[in-house]
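As a plain string of letters, each chain reads:
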Amino acid sequence: MFENKGFEFDTGIHYIGEVSSGTDVHTFFDHLTEGQLEWCQQNDIFDIVYLNGNQYPMYGGYKKFESSLTEQFPNEKEAIQKFVKLQHDISSCCPLFGILKMLPLWLSLFLIRSGLVNLVSKIFHLSNLGLEDTLKQLTSDATLQTVLSYNYADLAVTPKELNVFAQGLVLNHFIREGSYYPVGGSSEIAYHLTNTIEKYGGKVLVRANVKQISTDHQGAVCGVIVEKGENLTQINCNNVISNIGLFKTYQKLLPQEICQKSVFYKELSSHVHPQGFAGFTIFVGLKGTAESLNINSCNHWMLSGNNQTEVVEKYLDMTFEEASNQQPPILFASFGSAKDPLYNKHHPGKSTLTVITLVNYEWFAPWEKERPLHRGDDYEALKNAFGHQMLQWTLKHFPQLEDKVEHFEVGSPLSNNYYIGSDRGEIYGMDHNKGRFTPEMIAKIRSQSDVPGLFFAGHDVITAGIAGALVGGITCASAILKRRIYAEMLKYKAKLWLKNNFFGVGKTK
């Protein structure tokens, strides 16, 4: 989150699913924030796809999701039913996906290599299915294929490189019961988590960059070296949890000799790309409330045409000058101010629009060594021209906003490098290509590393998004504490349910 010119922009959390009372995600957040974090349920429609002059709303709830699509594709009822059945299958595999990352690695690999896991779950059948090929088998309707794969940009990889399981993990998250948003904005999550951490003796440090993970003569972690101003400080500890991503941890924080000895790092490098596509974002401040501007809490996906893999690949192969005159293959637009019921109270008469697209990092690479705000007039002109083109394409779908723009700023891939520690402008961490979701890589990409004392959390362990990062934290805590944290939380949730439903004492928030 950041503020500028009286506008507050959420930069990463545009919606979250499955946080109604009693769900696993809600229970974990409720426990971690001691019940202080509140959620606001959004519209029945969580996404709208704009394609070939038509709009395709995506509804929460499997039945409504299916019936809405069937209304717009009446000749494709069977294909849509099969797709929804596929989502149910993926949903049923989600617990095992996490369990395989928490079981001892030798046991997970035994279950996979022996084929025993296939007797109880379709997880590896689904993880071996390519999304694009599967949709072509379901239907010959190119428009329906594109609509059903619209959210590929949530994982920053084309439908061709994405598998059915990875896409379904994200899509199911919202189909089950729609979307929610934190009351007060996404900064409330960090605020309440910080309170909990400090209450139990922890500290949250900012503007203190970790320069290196220290290791002893046996190659085990023994602390971190932190940069504060011009000073370097050694903080000693037995365990280090890295949330910056697997590749960045090995490549940037560990001593080179440790990285070279890591069997896991070598295998990871041979199966997974370090980053997904780079992201480019515009932040727009609007004059007026959500009601007066006729904007809503849905997310809007504007696609330039069918066959998105081909369109994206062609677009990213263009020169910057060529791309600047083309409609981006996909634009994601979100009115964050319309999602937070407190926004108008804190920022009366103002609204915000955030638009994101995928770009070729090489367009901006000539300036990557320059400091922010010192990259020169050519860079500023280039990024602002591209950003204004994005805005114009977006306003074609929202013409009522043409004369309401009060503030405009751009976040390029280089902005991502500076503010969120990306390497090449990526916004969703490690690539979500098929290699990441092969059976053995699902088990091997886990919180416990092969460097003693080094653990991983965050969405690289699971998948992109706040729920993925949350589960990544749970698997990390389980590995360090050698406890079944998820099972403990399920037990805690069951006690709450019994307390509220049979003994009539209070309600979960």
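First, a word on what this report is: a plain description of the structure on this page. Here the structure is a predicted model, which means the values were calculated and not measured. (Residues numbered from 1 in each chain as written. Predicted model: local features only at pLDDT ≥ 70, side-chain atom pairs only at ≥ 80, totals over all residues. Heavy atoms only, no water.)

**So, the sheet that holds strand β10 (residues 231-236)**
Spatially, three strands are ordered β8-β9-β10 in an open sheet, and the strand pairing comes out antiparallel. Every other strand in the sheet has two partners, leaving β8 (209-215) and β10 as the edge strands with one partner each. The average undirected angle you get between the axes of adjacent strands in this sheet is 25 degrees. Judged from the six bridges that link them, β8 and strand β9 (residues 221-228) form a sheet pairing that is antiparallel. (Pairing = 2+ DSSP bridges. Helix = DSSP H or I, 4+ residues; strand = E, 2+ residues; numbered from the N terminus. Axes fitted to C-alpha atoms, helices over the stretch in contact; angles between N-to-C directions.)

**Side note on the pattern of salt bridges**
This structure, assessed with the given rule, holds 15 salt bridges. In this structure, R176 and E18 form a salt bridge, with 2.6 Å as the shortest nitrogen-oxygen distance. With R176 in the loop between α8 (164-175) and β7 (179-182) and E18 in the loop between β3 (16-17) and α1 (24-32), the pair connects residues that are 158 residues apart, well separated along the chain. With a relative accessible area of 24%, R176 lands in the partly exposed category. Of the residues examined, E18 reaches a relative accessible area of 18% and is grouped as buried. A salt bridge links K199 to E34; its shortest N-O distance comes to 3.0 Å. Note that K199 is positioned in helix α9 (residues 187-199) and E34 in the loop between α1 and β4 (39-41), a separation of 165 residues in sequence. Residue classification places E34 among the partly exposed positions, given a relative accessible area of 35%. What you see here is one network of salt bridges that share partners, running through R113, E267, E440 and K444. (Salt bridge = Lys/Arg side-chain N within 4 Å of Asp/Glu carboxyl O. Buried < 20%, exposed > 50% of the residue type's maximum accessible area, 1.4 Å probe, protein only.)

**Focus: the packing of helix α2 (residues 62-72) against helix α3 (residues 77-102)**
Contact geometry of α2 with α3 gives a least axis separation of 9 Å together with a crossing angle of 155 degrees. Relative to α3, α2 is oriented roughly antiparallel. Handedness of the α2/α3 crossing: right-handed. Contacts between α2 and α3 involve Y62, F65, E66, L69 and T70 from the first element and K77, I80, Q81, F83, V84, Q87, H88 and S91 from the second. Residues that form the contact of α2 with α3 fall into these classes: six nonpolar, five polar and two charged. (Parallel < 35°, antiparallel > 145°, perpendicular 65-115°, else oblique. Left-handed = near helix turned anticlockwise from the far one by under 90°. Contact = heavy atoms within 4.5 Å. Nonpolar A, V, L, I, M, F, W, Y, C, P; charged D, E, K, R; others polar.)

**Some points on the nonpolar core**
What tends to happen in soluble globular proteins is that the nonpolar side chains get buried as a cluster. Membership of the largest hydrophobic core comes to 123 residues, with the highest contact counts inside it found for M58, F165, L268, I282 and F364. Other than its neighbours up to four places away in sequence, L268 contacts L246, F247, M430, M441 and I445. Core analysis: the next-biggest nonpolar cluster, separate from the first, contains 14 residues, F29, L37, I189 and I485 among them. (Core = buried A, V, L, I, M, F, W, Y, C linked by side-chain atoms within 4.5 Å.)

**Topic: the environment of D24**
Checked against the element boundaries, D24 lands in helix α1. With relative accessibility at 24%, the residue D24 sits in the partly exposed group. Non-local contacts of D24, meaning those with residues more than four positions away in its chain, are made with Y486, L490 and K493. For D24, the side chain forms a polar contact with the side chain of Y486, separated by 2.4 Å. Polar contacts involving the side chain of D24 include one to the side chain of K493, which spans 2.4 Å. (Polar contact = N/O pair within 3.5 Å; in protein donor to acceptor, adjacent residues only side chain to side chain.)

**Digging into the sheet that holds β4**
Strand order in this open sheet of three strands is β3-β7-β4, and the pairing throughout is antiparallel. Strands at the two margins of the open sheet, each flanked by one partner only, are β3 and β4. Strand direction decides the pairing type here: β4 and β7, joined by three bridges, are antiparallel. Bridging across to β7, C40 finds its partner in Y181.

None of this, on its own, says anything about what the molecule does.
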